Each structure stands twice: as C-alpha cells, then as structure tokens.
Amino acid sequence: MDKRISYKDINELPEVALSTGSTKVLKTGSWKNLKPVIEDKAAPCSKACPLGTKIPQYFFYIIEKNLDRAADILLEKNPFPAITGRVCPAFCQIGCNRKRFDERISIRELERFVGDYILNRGYKIKEIPSDTGKKILVIGSGPAGMAASYFLRIKGHSVTIYERESLPGGVLRYGIPSYRLPKDILDREFDMLYKMGIKIETNKALGKDFSIDELRDKFDAIFIAIGAWVEKKMKIEGEDLMLSGLHFLKEVNEGKDISKFIGKKVACIGGGNVAMDVVRTLKRIKANPEILYRRTEAEMPALEEEREKAKSDGIPFHLLVLPIKAQKKNDKIVLTLQKMQLGEPDSSGRRRPIPIEGAVYEEEYDFVIKAIGEEADRSALPSEYLGDDGWPFADKKTGAMKVKGVFAGGDFIQGPSTVVEAESWAQKAAESIDRFLKGEDINVREAPPKTVSFMLINTDYFNKEKAVHPFELSVEERIQTFDEEVKTLQEEMAIKEAKRCFSCGYCNSCGNCFVYCPDMSILWKDNRPSVDYDFCKGCGICAKECPRGIIQMV
C-alpha cells in the first residue's frame, strides 16, 4: 500500500462485524488441524551426561539465586559435584547447543560452583528414609564405591564400605594430583558420607583380609568397586627397570620423598590421562619429563584439555616411537626406541602403529615410568565371578554379577575410565540393588527421553556473548606449585554464565507463548503454560516463538 487511508468522520468507516457478547461462546478450537503440545524434553547436555544431570533445571535456580534448590536438583543425579566439577571431562559441553550459536556453556564450572556451595553449606540430605533393615557392603571407596554408597543410603539401606588403603577415596585420593583435585575437597565429601550414616572400614583388602563368599551371609547385597590398579605389561626386555605411573602418583599423593626425581630426565611411556598426570606432576617437582607415545597426538586417549596443558607446561611429546628394550648403563636407563608409522585402524578405531623397518635409535634417561594403561586385579575373585574371557563380569545395564546378590561396576569392570562414568555405573547398580532387595525385577527398560536439537531453538531471543571462564594460574605459576590451578566461579560470574544457557527443552517461564498467542488460548498457572484446546486454532505461533523447543505442533 503506497497511500495512507484516513477517515475524517465515523460515518466514513466501512461496516464491520462487532460482537457485544463473549467470544468464549464460539469454541474455535474445532477449526485446528494441528495442536501445540507443551512438554519438557532432555537438553543435549543432560543426555550426554553419563549421570543424566538435569542441567537447565538447576541453572534456572542459579539465576534465581536459589542455590539450595539448585543443589537439590543437582544431587538427584550427581552426589559429588564438587569433585566432578573439577575432574570431569565434561561430556555435557560437547553436546551443548549453544556452541553452534557462539560458545558452549561452561557447564562443568557451574557444576563446581554449586558443588562448592553444597560443601560450604554442609550436610547434603535433610532426611534419610527410615531404615529398611537391609545391609549392603561396598568394597572400594573410589568414585564408584562412593556414589553407590550415597545412592543406596538415600534409599534407607545400611551401607558399610571396606577400603584396602588407610584412607578412603581410591583413585581420587591416590591417583589424581592435588592441583586438579585438592584432598580437602575429598575429605569434606567423606565427612558428609559419615554424617549420612555410612560406615567406612579402612585397611581391609579383598582377597587378603576377607573373601566375597564369607561375607555374602552377613550382608544382603555386595557391590564391588575396587578399580583398576594393575599396570599393564609391555612385555619387553628390561621392563623391570621401569616404574609404574600409578605407583608414582600414589607416592606423590601420600607425601613420600620423591626428591630423587629433581633435575632428572624422565621418560613417561603412554598417551593417556595417567601419563599426563605423571609428566605434569614431574614438572612441578623440578624434573625434566618427556612423553613417549607410539601413535600421533590425534590418537592419544588423554583428554585434549590435559594434553594442551602438558604442552603449555613445556613438556616435549615424542610421537610415533615405541620402546622395544630397556637396559641399565652407568646408572642410566637406555631405551631402544623403534620409530613407527600409522597403518589401518585397529579394533579401537585408531590407526594402528606399524614399525618402520630399520628406524631404531637409543635414548638415555635417569628414570622411565610407564603409563600404558591399567586393568582390574582378578586374582581376588573366584572363577564363578569371571566372564568367559576370564575377566570380572557384570551386566552393563544392571551391574549384576553371575552370583546372586553380588554386583560390581566402575573401572573394575569397564577398565580405566572417567570419574563420572564410574559414578554412572554405581548409579545404575544402586538402582538394581534396591530393586533386588525389594524382590523386584532388576531388568527395567526405560525409553530414552526426547532431545531438543539446535534447530528447535529460537535463537532470535539470544544475543551472542562470550562464555565466562574461571580464573586460572598462569603457566609460570602453576608449574611451581601443587595448589589448585583452576578456581571456582564467583557468584556473579556463575549467574552471568547460567543466563547464557538456551535452557533447551526446559520451560523457564519466559511467557512468550502466552504473550504471542492471538487467541488467548495459552493459560498460565503456577508460572507454567498450558493450552486451552477449546479455543486454540492451531496457528503454531506459540511453538514458533518458544525459545526452548518445548512446544511442538502435532
């Protein structure tokens, strides 16, 4: 229209239909071919989290400054956010929809923020259900043992943990360096387990101080989570000259004298997370560590974050080399190194390292530490607990072993993995144990939740904004100390970052659907929308304007 229409008198207006009664008389909802359905769905971050943490939900309460409610939601799935908020590889962040818009949300850092709030607030569970009368033994107090104990205790069962070391914590205490996980965080987590009524007996080793079978009559169920502490063999000449990576980390974490490494040239064989912890620890005690790895960096199993930090710390990576012999010469260890090249992918999906014929050389070191992987100690288990392959067996979905009433999980079953994956095993196993004790079927199938993809997010309602990251020590500072190198977000930083979240699949009561509905058929009660289908014509505006992807036309 290129000319404005104007009227000088009311009589010039055209005739129009005008109702003097209520439009509610005519139920226009019968006109629709499609109808909007409002339904919370899973955010991709939550689906990617092994524990299924309800991430957008507790972010909402961070923004509301209701940290008690945020803590309650977080603890439903993750009992130790102060730990996972420090050492988790953050699978959630990989799936974050926001990274397709600008930058992914700093989910792990927000988890740590709430986790530290819980530790500072104190006791986690306000009420433990009344005692069920069932007694459960958990063997091992690493991440899987801790998590299983928590989930079983909040169901009202009596839980006792047997731990072979003098202090509880397993790999969290003895394997992870304190610059990544301070030991006082672990101590405070265990203080809470004690307050929940969980008993912990240390210096009790499976196979040495007790057997599984002698305790089966004393407990209603047993959960085995003793981790993977046996270093794999390289099966080369001179291997006995090498030290174990896990053993080295354990000595450091126990505060033993490690001054013999100061100023020494140390080779660390391996490309996993233990190898990264070893070399970064050596750097802090003034040694000169080097990584030797038989593939390229692209095939390294270590977390990218840890690899990058190791390189930033100034640690050389010697790639495509494989030690094939070690010998002692003049108080030095001489490694014979075979140069490698990559071939076709192997069963792990990574390209197989292949020796280059004739490409062999020698290198001299003061110490050699191998960190090529760990496996479970199966010597403590009778044969009926082993699978056909001779390794400890437990069902992946339930944690049930072949012997009734005995369950297992964590690294003991799946091999070295992450803390959050070990907790996830424990979460599943605890649910199965609870069902077993009630006489219920432990094989429960649950349909996977619907997930909100990036395409369902209405990004018109968001501004591009950089992610908030925590303060970190500089490289120059961190290689001088075992103090924690990454700091916890301050409250204003946490709120700012939580506000960047799309809140995929979770209605945070923005009210867009209510405001934009042309038929006033979106109802609003208890701060939540619903649809009055008597008057909804199915135009789809509410679904179009929903920023979270929770309204779909069906």
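Calculation criteria
Residues numbered from 1 in each chain as written. Predicted model: local features only at pLDDT ≥ 70, side-chain atom pairs only at ≥ 80, totals over all residues. Heavy atoms only, no water. Phe/Tyr/Trp six-rings, centres within 6.5 Å; stacked < 30°, edge-to-face > 60°. Helix = DSSP H or I, 4+ residues; strand = E, 2+ residues; numbered from the N terminus. Buried < 20%, exposed > 50% of the residue type's maximum accessible area, 1.4 Å probe, protein only. Polar contact = N/O pair within 3.5 Å; in protein donor to acceptor, adjacent residues only side chain to side chain. Contact = heavy atoms within 4.5 Å. Core = buried A, V, L, I, M, F, W, Y, C linked by side-chain atoms within 4.5 Å. Pairing = 2+ DSSP bridges. Disulfide = S-S within 2.5 Å. Right-handed = clockwise from strand over helix to strand, strands pointing away. Expected span 1.5 Å × (residues − 1). Salt bridge = Lys/Arg side-chain N within 4 Å of Asp/Glu carboxyl O.

Trainee: Help me get a handle on the packing of aromatic side chains, residues and values and all.
Mentor: Scanning the entire structure with this criterion turns up 13 aromatic pairs. With centroids separated by 5.1 Å and ring planes inclined at 80°, the aromatic side chains of phenylalanine 248 and phenylalanine 261 adopt a geometry described as edge-to-face. Highlighted residues: phenylalanine 248 in helix α11 (residues 245–253) and phenylalanine 261 in the loop between α11 and β8 (265–269), separated in sequence by 13 residues. Classification of phenylalanine 248 as buried rests on a relative accessible area of 2%.

Trainee: Residues and numbers for the side chain of asparagine 97, please.
Mentor: Mapped onto the fold, asparagine 97 is located in the loop between α5 (91–95) and α6 (107–121). In this structure the side chain of asparagine 97 is engaged in a polar contact, spanning 3.1 Å, whose partner is the backbone oxygen of valine 452. Engagement of the side chain of asparagine 97 in a polar contact is seen with the backbone nitrogen of phenylalanine 454, the distance being 3.3 Å. When residues no more than four places from it in sequence are discounted, the contact partners of asparagine 97 are Pro44, Val452, Ser453, Phe454, Ile457, Phe502 and Cys504.

Trainee: Before we move on, can you summarise the nonpolar core with the specific residues and values?
Mentor: With 79 residues, the main nonpolar core has Tyr58, Phe59, Ile62, Ile83 and Phe223 as its most contacted residues. Each residue touching tyrosine 58, except ones within four places of it in the same chain, is listed here: Thr53, Ala70, Ile73, Leu74, Ile107, Leu110, Glu111 and Val114. Grouped together as the second largest cluster of nonpolar side chains are 26 residues, Val274, Val278, Val279 and Ala287 included.

Trainee: Which residues make up the sheet that holds strand β10 (residues 317–319), and what values go with them?
Mentor: With respect to topology, five strands assemble into an open sheet ordered β7-β14-β8-β9-β10, the strand pairing being parallel. The outermost strands of the open sheet, each flanked by one partner alone, are β7 (243–244) and β10. Two elements, strand β9 (residues 288–293) and β10, share three bridges in a ladder whose sense is parallel. Looking at β10, one finds that leucine 292 is bridged to histidine 318.

Trainee: If you had to explain helix α7 (residues 143–153) to someone new, which residues and values would you point to?
Mentor: Turn by turn, an α-helix covers 3.6 residues, leaving residues three or four places apart pointing in a common direction. Within α7, 11 of the 11 residues are buried, which leaves the element mostly enclosed by the surrounding structure. Turning to α7, its buried residues number three or more, namely Pro143, Ala144, Gly145, Met146, Ala147, Ala148, Ser149, Tyr150, Phe151, Leu152 and Arg153.

Trainee: Give a detailed account of the state of the cysteines, specifying residues and quantitative values.
Mentor: Considering all chains together, one arrives at zero disulfides under this definition. Cysteine 92 provides the cysteine sulfur closest to cysteine 88, a residue in no disulfide bond, and the two sulfurs are 6.0 Å apart. Residue cysteine 88 is classed as buried on the basis of its relative accessible area of 10%. Unpaired in terms of disulfides, cysteine 517 finds its nearest cysteine sulfur in cysteine 539, a separation of 6.1 Å.

Trainee: Report on the pairing of strand β3 (residues 158–162), specifying residues and quantitative values.
Mentor: Counting buried residues along β3, four of its five residues qualify, which places the element largely inside the surrounding structure. Relative to β3, strand β2 (residues 135–139) runs parallel, the two sharing five bridges. Pairing of leucine 137 across the sheet is with threonine 160, part of β3. In terms of handedness, the path from β2 via α7 over to β3 forms a crossover that is right-handed. For β3 and strand β4 (residues 199–201), the ladder comprises three bridges, and the chain directions are parallel.

Trainee: Would you mind going over α6 in detail, with residue names and values included?
Mentor: The end-to-end C-alpha separation of α6 is 21 Å, in line with the 21 Å expected for 15 residues at 1.5 Å each. Here α6 lies mainly inside the structure; 12 of its 15 residues are buried. If you check which residues of α6 are buried, you get Ile107, Arg108, Glu109, Leu110, Glu111, Arg112, Phe113, Val114, Gly115, Asp116, Ile118 and Leu119. Glycine 122 lies just past α6 and shows a positive phi near 110°.

Trainee: Pulling in residues and values, what's your account of the pattern of salt bridges?
Mentor: Scanning the model with the defined rule gives 42 salt bridges in all. Linking arginine 280 and glutamate 485 is a salt bridge whose minimum nitrogen-to-oxygen distance equals 3.0 Å. One end of the pair, arginine 280, is in helix α12 (residues 273–284); the other, glutamate 485, is in the loop between α16 (475–478) and α17 (491–499), and 205 residues separate them in sequence. Each of the two residues, arginine 280 as well as glutamate 485, counts as buried. A salt bridge links glutamate 485 to lysine 309, with the shortest nitrogen-to-oxygen separation between them at 3.3 Å. Here lysine 309 lies in helix α13 (residues 304–312) and glutamate 485 lies in the loop between α16 and α17, a separation of 176 residues in the sequence. Here the two residues glutamate 485 and lysine 309 agree in accessibility, since each one is buried. Because the salt bridges share partners, they merge into one network encompassing Arg180, Asp277, Arg280, Arg284, Glu306, Lys309, Asp313, Glu472, Arg478 and Glu485.

By themselves, these observations are geometric and do not establish any function.
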